[in-house]
Amino acid sequence: AESTLGAAAAQSGRYFGTAIASGRLSDSTYTSIAGREFNMVTAENEMKIDATEPQRGQFNFSSADRVYNWAVQNGKQVRGHTLAWHSQQPGWMQSLSGSALRQAMIDHINGVMAHYKGKIVQWDVVNEAFADGSSGARRDSNLQRSGNDWIEVAFRTARAADPSAKLCYNDYNVENWTWAKTQAMYNMVRDFKQRGVPIDCVGFQSHFNSGSPYNSNFRTTLQNFAALGVDVAITELDIQGAPASTYANVTNDCLAVSRCLGITVWGVRDSDSWRSEQTPLLFNNDGSKKAAYTAVLDALNGGASSEPPADGG
Ligand code: G2I
């Protein structure tokens, strides 16, 4: 049995990652846990549109490169997050619409992917394009109003910009197979595969809480998407209260699906979480391991206890 999350996941060819915030890289408790436990990194905010292209045509990778370089210098791979999204757009992009916005989106994808060409294993090309609730509709946004084909244009642009990266669609509230948003995403991916739109993977953010609880049909969801011919990944996992059994279930759901590439948790300690009041992560604020940590490690180790057997064997 392996003794860290990354090494334990690697036994089945998977990874175990975390979101990293550049502002925390000077915190040695943070970097020692992150350096030890994880073998995949997602920049929590630093590769988003407002960070990488604050003025039109003027790219700035200083914060993104801090995260990227820390990851690579510590032996980790990097997921890119994210190229086309309604949120965290810089002001200049928020004010664009129509064909001007379409061109700005294309230019943005080309600019960011050129900087990281050959260096990013998976890109979240498009993030959160579907609406919540029972409609199954696209989310209203300036990007959506630029034309319903904006998502496939983003993927075709991304494929040409860096053919070596796996190209993912990423969303939340799409883990429960019965939800309309899940079905809408499934229909889009099926359509893309049928028409040859270049998509390689689907990211399930997996922010589970009382309003969006874990359901055991998550495994069915992962299996059904994989059957369309895409890889799947759990990309931003956190669970309100961090129940060990739910963390184990999510881990086992990924392990049960051969096309599940790996799991990323959305932060290191509870105090690093965007929802710290929900104490949703694997490490306490003092850096100690929570019960959920042991549950995940044990699941990754094949269900065996991570503690040495009492007989020493
Ligand atoms: O909202 C949780 C996640 C949902 N899926 C997409 C992810 O990209 C998203 O991450 C969160 C970050 O964890 C937060 O850290 O995205 C938020 C913004 O949509 C991030 O919050 C922002 C704050 O709103 C800003 O005020 C702050 O300046 O973080 C910024 C940098 O600390």
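One can find the structure itself at the top, above this paragraph.
All figures in this text were calculated on a predicted structure; none of them were measured in a lab.

Chemist: Looking at this model, I keep getting lost on the pairing of strand β5 (residues 166–171). Mind explaining?
Modeler: When a strand is regular, its side chains alternate between the sheet's two faces. Burial of β5 is extensive: five of the six residues sit out of reach of the surface. As defined by bridge partners, strand β4 (residues 122–127) adjoins β5 across five bridges and the pair is classed as parallel. Residue pairing across strands places W123 opposite L167, the latter belonging to β5. Here four bridges tie β5 to strand β6 (residues 201–204), and the two strands are oriented parallel to one another.

Chemist: I keep staring at the state of the cysteines and nothing clicks. Help me out?
Modeler: Covalent bonding between the sulfur atoms of two cysteines defines a disulfide. All chains considered together, the criterion is met by two disulfides. The side chain of C168 participates in a disulfide bridge whose partner is C201; the two sulfur atoms lie 2.0 Å from each other. Judged by the sign of its S-S torsion, about -90°, the bond between C168 and C201 is left-handed. With C168 in strand β5 and C201 in strand β6, this pair connects stretches of sequence that are 33 residues apart. Neither residue differs from the other here; C168 and C201 are each classed as buried. Across the disulfide, C254 is cross-linked to C260 (sulfur-sulfur distance 2.1 Å). Where C254 bonds to C260 through sulfur, the torsion about that S-S bond is close to -100°, and the disulfide is left-handed.

Chemist: What is the right way to read the layout of surface pockets from this model?
Modeler: Size it by volume and the largest pocket reaches roughly 280 Å³. The class makeup of the residues in the lining of the largest pocket is four nonpolar, nine polar and five charged.

Chemist: Help me understand the packing of helix α10 (residues 218–226) against helix α11 (residues 244–255) in this model?
Modeler: In contact at an axis separation of 9 Å, α10 and α11 are set at 25° when each is read in the N-to-C sense. In terms of orientation, α10 and α11 fall into the roughly parallel class. Along this stretch, α10 crosses α11, giving a crossing that reads as right-handed. On α11, the residues touching F218, R219 and L222 of α10 are V250, N252, D253 and C254. In the contact of α10 with α11, the residues fall into four nonpolar, one polar and two charged.

Chemist: Sorry if this is basic, but what is going on with empty space enclosed by the protein here?
Modeler: To find the voids left in a structure, one rolls a probe of water-molecule size over its atoms. Applying the stated criterion to the full structure yields one cavity of 30 Å³ or more. Taken as a whole, the largest cavity encloses approximately 40 Å³ of empty space. Contributing to the lining of the largest cavity are W85, H86, N127, E128, A129, R139, S141, L143, Q144 and W150.

Chemist: Before we go on, may I ask you to explain α10 in this structure?
Modeler: Residue pairs spaced three or four apart in an α-helix point in one direction, given the helix's 3.6 residues per turn. Taken residue by residue, α10 has F218, T221, L222, F225 and A226 as its buried positions. For α10, the arc enclosing every buried residue in end-on projection is 130°, short of the 170-degree limit, so these residues lie on one face.

Chemist: Can you help me understand the pairing of strand β3 (residues 77–85) in this one?
Modeler: In terms of burial, β3 is a largely internal element, eight of the nine residues being buried. The pairing of strand β2 (residues 40–43) with β3 spans three bridges and is classified as parallel. Bridge pairing links V41 to V78 in β3. In the sheet, β3 pairs with β4 via five bridges, with the strands oriented parallel. When the bridges of β4 are listed, R79 appears paired with Q122.

Chemist: In this structure, what is going on with the site of the ligand? I would like to understand it.
Modeler: In the vicinity of the ligand lie 13 residues, with E44, K48, H81, E128 and E236 positioned nearest. A distance of 2.9 Å is found between an oxygen atom of the ligand and a side-chain nitrogen or oxygen belonging to N45. Separating an oxygen atom of the ligand from a side-chain N or O atom of K48 is a distance of 2.7 Å. Protein contacts shield 56% of the accessible area of the ligand, which totals 620 Å² for the unbound molecule. Judged by the fraction of its atoms near the pocket grid, the ligand is located in the largest pocket. Tallied by class, the residues present in the shell around the ligand amount to three nonpolar, six polar and four charged.

Chemist: Looking at this structure, I do not really get the packing of aromatic side chains. What am I missing?
Modeler: Two numbers describe a pair of aromatic rings. These are the distance of the centres and the angle of the planes. Considering all chains together, one arrives at 14 aromatic pairs under this definition. Across the ring face of Y172, the terminal group of K181 is positioned such that the distance to the ring centre comes to 3.6 Å.

Chemist: Where do I start with the environment of V257 in this structure?
Modeler: Along the chain, the position of V257 falls in the loop between α11 and β9 (260–265). Put simply, V257 and Q223 are 34 residues apart on the chain and 6.1 Å apart in space, counted from C-alpha to C-alpha.

Chemist: Would you mind going over helix α2 (residues 28–37) with me for this structure?
Modeler: Among the residues of α2, Y30, T31, I33, A34 and E37 are the ones counted as buried. End-on, the buried residues of α2 take up no more than an arc of 165°, which puts them together on one face. In this structure, the buried residues of α2 make contact with α1 (5–10), β1 (15–20), α4 (62–73) and α12 (291–300). Where α2 starts, the residue carrying a side-chain oxygen 3.0 Å from the main-chain nitrogen of T29 turns out to be D27.

Cut-offs used in this document
- Residues numbered from 1 in each chain as written.
- Predicted model: local features only at pLDDT ≥ 70, side-chain atom pairs only at ≥ 80, totals over all residues.
- Heavy atoms only, no water.
- Buried < 20%, exposed > 50% of the residue type's maximum accessible area, 1.4 Å probe, protein only.
- Helix = DSSP H or I, 4+ residues; strand = E, 2+ residues; numbered from the N terminus.
- Pairing = 2+ DSSP bridges.
- Disulfide = S-S within 2.5 Å.
- 1 Å grid on protein atoms, 1.4 Å probe; cavity = no way out; pocket = protein on both sides within 12 Å on 5 of 7 lines; lining within 4 Å.
- Points joined across faces, edges and corners; volume = space filled by probe spheres on them.
- Nonpolar A, V, L, I, M, F, W, Y, C, P; charged D, E, K, R; others polar.
- Axes fitted to C-alpha atoms, helices over the stretch in contact; angles between N-to-C directions.
- Parallel < 35°, antiparallel > 145°, perpendicular 65-115°, else oblique.
- Left-handed = near helix turned anticlockwise from the far one by under 90°.
- Contact = heavy atoms within 4.5 Å.
- Arc of directions from axis to C-beta.
- Near = heavy atom within 4 Å.
- Polar contact = N/O pair within 3.5 Å; in protein donor to acceptor, adjacent residues only side chain to side chain.
- Areas by Shrake-Rupley, 256 points an atom, 1.4 Å probe, with all protein chains shown as cover.
- Sits in = over half its atoms within 2 Å of the grid points.
- Phe/Tyr/Trp six-rings, centres within 6.5 Å; stacked < 30°, edge-to-face > 60°.
- Lys NZ or Arg CZ within 6 Å of the ring centre and 35° of its normal.

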